[in-house]
Amino acid sequence: MTDPSSGAEPGRLAFQVTKNLAAASPAERAKKLEDPGFGTVFTDHMVDICWSEKGGWHRPRVQPYGPISLDPAAAVLHYAQEIFEGMKAYRHSDGGIYTFRPEQNARRFNRSARRLSMPELPEEHFLQALHELIAVDGAWVPSGAEQTLYLRPFMFAKEAFLGVRPAKKYAFYLIGSPAGSYFSGGVKPVSIWLSEKYARAAEGGTGAAKTGGNYAASLLPQAEAAEHGCDQVVFLDQRGNVEELGGMNVVFVKKDGTLVTPASETILDGVTRNSILELAADRGHAIERRPISLQEWRDGVAAGDIVEAFACGTAAVVTPIGALRGDGFVDEQPTGSLGTSLREELTDIQYGRREDTRGWLRRLDA
Ligand SMILES: *Cc1c(COP(=O)(O)O)cnc(C)c1O
């Protein structure tokens, strides 16, 4: 069934909407939303937009969620030209559906696109895609505590060509996945394995881009972390400075209340970290964005000068770091309460329990 497309004003794409005739019934959906976990349940529809050298962005569609058909020679399958984003939609108590600072994700998507030699998606198209998905799948935004609809925009090279050069055809997709807490069992301190053998990124590389290859590179060290009984892995740069975890930024809290976080071209500039630091600055905390070495971290903890370490990112929001484990040592981390308190303030804003004085929320269902 095809509905007439909506909104063909300038700057807006005219999406062709095809409803999923096999969509979940309200009862089936309610069952799936009871305990969705993370990343395994998907909504009934997805958004896709094509790009070609000749036509630019074209054929914007909302269609039933389902497998994508690709030529076996599609460039992404061979040379990994792929980028993605991760964001969330929140259900407020009045029923409204909101997302958090989506223009930040849209801009980062385009920074990632430039690094991977991919076409940029105009910010208004990125935002419109979110509205289009919510227009058909808004009922999939759960209303339980700590629940969200995780939104995953991504783009990949689909041109069938085995030569090595930027592809001439791309596809942008947006899918939605209802989610409970990222770490099963709720917020509890995580143990971190220090990877000394492997790097996830290097100077001049793609560390600042949200691209699948960085995650592929982090899987083996992540497995090493698991072998050592750790939940997550932390990476250092070639100079011995702390970078980040596989998918989360790190922040250290000093005794005098100063927050220190790595400044580097090789890490992903997180929206969660920037937001948390802004909330902390408004509370009067000093913020330092600078290199911090492993030595400074370990010595700081030993001397009582670092009183807390936490990780942050959209999926898990803020997670305290309970221990740092490396080859031949374990540093138990002091457990402060600042990270948890900032997490609460941030999620209160996101879920509409506290006033959004900074204009961070965007309503998606109106
Ligand atoms: C997405 C991501 C983060 C967190 O970024 P947010 O914008 O806060 O979600 C941190 N590190 C890496 C490697 C990431 O991919």
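Residues numbered from 1 in each chain as written. Predicted model: local features only at pLDDT ≥ 70, side-chain atom pairs only at ≥ 80, totals over all residues. Heavy atoms only, no water.

Asker: Break down the domain arrangement of the protein for me, with residues and values.
Answerer: We note that the domain assignment places domain 1 (2-181) and domain 2 (190-350) within the protein. Averaged C-alpha coordinates put domain 1 and domain 2 at centres separated by 28 Å. At the junction of the two partners, domain 1 supplies 22 residues and domain 2 supplies 22 residues. In this assembly, domain 1 packs against domain 2 so that about 1700 Å² is buried in total across both faces, 53% of it on carbon and sulfur atoms. Of all residues in domain 1, Phe84, Phe100 and Arg108 bury the most surface against domain 2, accounting for 32% of the area lost on that side. Summed over the shared surface of domain 1 and domain 2, the number is one salt bridge. (Domains from an automatic or database assignment. Contact = heavy atoms within 4.5 Å. Buried area = accessible area lost by both parts, 1.4 Å probe. Salt bridge = Lys/Arg side-chain N within 4 Å of Asp/Glu carboxyl O.)

Asker: Explain empty space enclosed by the protein to me, and be specific about the residues and the numbers.
Answerer: Evaluation of the coordinates by the stated rule reveals three cavities of 30 Å³ or more. A volume near 110 Å³ is recorded for the second largest cavity. Of all elements in the fold, only strand S6 (87-91), helix H6 (271-282) and helix H8 (338-350) reach the threshold of two or more residues within the lining of the second largest cavity. Per-element accounting of the lining of the second largest cavity gives the leading share, three residues, to S6. Here the lining of the second largest cavity is composed, by residue class, of six nonpolar, six polar and one charged. (1 Å grid on protein atoms, 1.4 Å probe; cavity = no way out; pocket = protein on both sides within 12 Å on 5 of 7 lines; lining within 4 Å. Points joined across faces, edges and corners; volume = space filled by probe spheres on them. Helix = DSSP H or I, 4+ residues; strand = E, 2+ residues; numbered from the N terminus. Nonpolar A, V, L, I, M, F, W, Y, C, P; charged D, E, K, R; others polar.)

Asker: Give me the lowdown on the nonpolar core, citing residues and values where you can.
Answerer: Core analysis: the largest hydrophobic core is formed by 40 residues, its most contacted members being Phe126, Leu151 and Phe172. At the level of secondary structure, the elements contributing two or more residues to this core comprise strand S2 (15-18), strand S3 (45-52), strand S4 (56-64), S6, helix H3 (102-115), helix H4 (123-137), strand S8 (148-157) and strand S9 (169-179). In this structure, Phe172 is in contact with Val47, Asp48, Ile49, Trp57, Phe109, Leu121, Phe126, Ala129, Pro153, Phe154 and Met155, ignoring residues within four places of it in sequence. (Core = buried A, V, L, I, M, F, W, Y, C linked by side-chain atoms within 4.5 Å. Buried < 20%, exposed > 50% of the residue type's maximum accessible area, 1.4 Å probe, protein only.)

Asker: How would you explain the side chain of Arg29 if you had to name every residue and give the values?
Answerer: Tracing the sequence through the fold places Arg29 in helix H1 (residues 26-34). The buried charged residue Arg29 lacks any salt bridge, with Asp44 as its nearest oppositely charged partner at 5.0 Å. Among residues more than four places away in sequence, those in contact with Arg29 are Ala24, Ala139 and Trp140. (Lys, Arg positive; Asp, Glu negative; His and termini not counted.)

Asker: Which residues make up the pattern of salt bridges, and what values go with them?
Answerer: Scanning the entire structure with this criterion turns up 19 salt bridges. Asp48 is the partner of Arg61 in a salt bridge, and the nearest nitrogen-oxygen pair spans 3.3 Å. Taken as a pair, Arg61 in strand S4 and Asp48 in strand S3 lie far apart in primary sequence, 13 residues in all. Judged by relative accessible area, Arg61 falls into the partly exposed class, the value being 21%. The salt bridge involving Arg107 is made with Glu123; its shortest N-O contact spans 3.2 Å. Residue Arg107 is located in helix H3, and its partner Glu123 is located in helix H4; the two are separated by 16 residues in the primary sequence. A residue is classified by how much of its surface remains accessible, and Arg107, at 40% relative accessible area, is partly exposed.

Asker: An account of the site of the ligand is needed here, citing residue identities and associated values.
Answerer: With respect to spatial proximity, 15 residues lie near the ligand, and among them Lys210, Tyr215, Glu244, Thr272 and Thr314 are the closest. Residue Lys210 places a side-chain N or O atom 2.7 Å away from an oxygen atom belonging to the ligand. Here a nitrogen atom of the ligand sits 2.6 Å away from a polar atom, N or O, in the side chain of Glu244. Taken by itself the ligand offers 380 Å² of open surface, and the protein chains cover 97% of this. Looking at the shell around the ligand residue by residue, the classes come out as four nonpolar, seven polar and four charged. (Near = heavy atom within 4 Å. Polar contact = N/O pair within 3.5 Å; in protein donor to acceptor, adjacent residues only side chain to side chain. Areas by Shrake-Rupley, 256 points an atom, 1.4 Å probe, with all protein chains shown as cover.)

Asker: An account of unusual backbone geometry is requested, with residue identities and associated values reported.
Answerer: Positive phi outside glycine occurs at Arg101, with the angle close to 45 degrees. Mapping Arg101 onto the fold places it in the loop between strand S7 (97-100) and H3. Even without being glycine, Glu146 reaches a positive phi, approximately 65 degrees. Mapped onto the elements, Glu146 comes out in the loop between H4 and S8. On the accessibility criterion, Glu146 (35% relative accessible area) is partly exposed.

Asker: Outline the pairing of S3, listing residues and values.
Answerer: Most of S3 sits inside the fold, with eight of its eight residues counted as buried. Neither face of S3 is exposed, since His45, Val47, Ile49 and Trp51 on one face and Met46, Asp48, Cys50 and Ser52 on the opposite face are all buried. Counting the residues in the hairpin turn of S3 and S4 gives three residues. In this structure, S3 lies alongside S9, joined through six bridges in antiparallel fashion. What sits directly across from Ser52, in S9, is Lys169. (Pairing = 2+ DSSP bridges.)

Asker: Hey, could you go over the state of the cysteines for me, with residue numbers and the actual values?
Answerer: The full count for this structure, using the stated rule, is zero disulfides. No disulfide involves Cys230; its sulfur sits 19 Å from that of Cys312, the nearest cysteine. (Disulfide = S-S within 2.5 Å.)

Asker: For a nonpolar patch on the surface, give the residues involved together with the corresponding values.
Answerer: Together, Ile68, Leu70 and Leu77 give the surface a local cluster of nonpolar side chains, amounting to about 240 Å² of exposed area. Within the element layout of this structure, Ile68 appears in the loop between S4 and helix H2 (75-79). (Patch = residues over 30% accessible without salt bridge, like charges linked within 9 Å, V, L, I, M, F, W, Y side chains within 5 Å.)

Asker: Account for the pairing of strand S12 (residues 242-245), naming residues and giving values.
Answerer: Note: strand S11 (residues 232-236) against S12, two bridges, orientation antiparallel. Directly across from Val234, in S12, lies its bridge partner Leu245. Where S11 folds back on S12, the antiparallel hairpin that results is connected by five residues, among which Gly240 adopts a positive phi of roughly 90 degrees.

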